[in-house]
Amino acid sequence: MLRISVSERVPSCRIIKLEGKLLEAWVDEVRRVCVEAEEGPLPGLDLSGLSFVDRRGAEMLKQLLRQGARIHACSPFVAELLHWDREIDP
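From a predicted model like this one, the values you see are computed outputs, not experimental measurements.

Draft legend 1. Fine view of the pattern of salt bridges. Under the definition given, this model contains 5 salt bridges. Between Glu24 and Arg56 there is a salt bridge; the shortest N-O distance is 3.0 Å. Of this pair, Glu24 sits in helix H1 (residues 24-37) while Arg56 sits in helix H2 (residues 55-66), and the two are 32 residues apart along the sequence. Owing to a relative accessible area of 45%, Glu24 belongs among the partly exposed residues under this scheme. A relative accessible area of 27% places Arg56 in the partly exposed class. The salt bridge partner of Arg32 is Glu29, with a shortest N-O separation of 2.4 Å. Placement of the pair is Arg32 and Glu29 together in helix H1, with a separation of 3 residues, close to one helical turn. Judged by relative accessible area, Arg32 falls into the partly exposed class, the value being 36%. Relative accessible area serves as the criterion here: at 29%, Glu29 is assigned to the partly exposed category.

In structure tokens form, the structure reads like this:
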């Protein structure tokens, strides 16, 4: 199960929060939400609530990061999976 929520802390900065398990079945839905929420730069991602990410989910997240999405919060598990260094990209 995956919960997707979109919030706006600042009107120009949307944050998409993912909670639960990001599995292949949810990849297209997450991508759709990111595209719909896109008004200018890609939205920020809050990945602190993810407990598991499969191979397709990790590939999609890496692709979003390459396209300019920013991680605002991340669990240690997902940070390791994505090779995300908090010192470089806070």
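Once you've had a look at it, read on.
Draft legend 2. Main features of the packing of aromatic side chains. For the structure on display, the rule yields 1 aromatic pair. Ring centres of Phe52 and Phe77 lie 6.5 Å apart, and the angle between their planes is 15°; on these two criteria the pair is classed as stacked. Taken together, the positions of Phe52 in strand S3 (residues 44-53) and Phe77 in helix H3 (residues 76-82) put the pair 25 residues apart, joining distant regions of the chain.

Draft legend 3. Summary view of the environment of Trp26. Within the secondary structure, Trp26 is located in helix H1. Take Trp26: its relative accessible area is 29%, and that puts it in the partly exposed class. Leaving out residues up to four positions away in the same chain, Trp26 has contacts with Leu2 and Lys21.

Draft legend 4. Representation of H2 in the model. Between its first and last C-alpha atoms H2 spans 17 Å; for 12 residues at 1.5 Å apiece the expected length is 16 Å, and the two agree. Of all the positions in H2, only Gly57, Ala58, Met60, Leu61 and Leu64 are classed as buried. Buried residues in H2, looked at end-on, bunch into an arc of 160°, giving them a common side. Facing away from the buried side of H2, by more than 90 degrees, are the exposed residues Arg55 and Arg66. Capping the start of H2, Asp54 holds a side-chain oxygen 3.3 Å from the backbone nitrogen of Arg56, two or three residues further along. Of the residues trailing H2, Gly68 is marked for its positive phi of about 115°.

Parameters at a glance
Residues numbered from 1 in each chain as written. Predicted model: local features only at pLDDT ≥ 70, side-chain atom pairs only at ≥ 80, totals over all residues. Heavy atoms only, no water. Salt bridge = Lys/Arg side-chain N within 4 Å of Asp/Glu carboxyl O. Helix = DSSP H or I, 4+ residues; strand = E, 2+ residues; numbered from the N terminus. Buried < 20%, exposed > 50% of the residue type's maximum accessible area, 1.4 Å probe, protein only. Phe/Tyr/Trp six-rings, centres within 6.5 Å; stacked < 30°, edge-to-face > 60°. Contact = heavy atoms within 4.5 Å. Expected span 1.5 Å × (residues − 1). Arc of directions from axis to C-beta. Polar contact = N/O pair within 3.5 Å; in protein donor to acceptor, adjacent residues only side chain to side chain.

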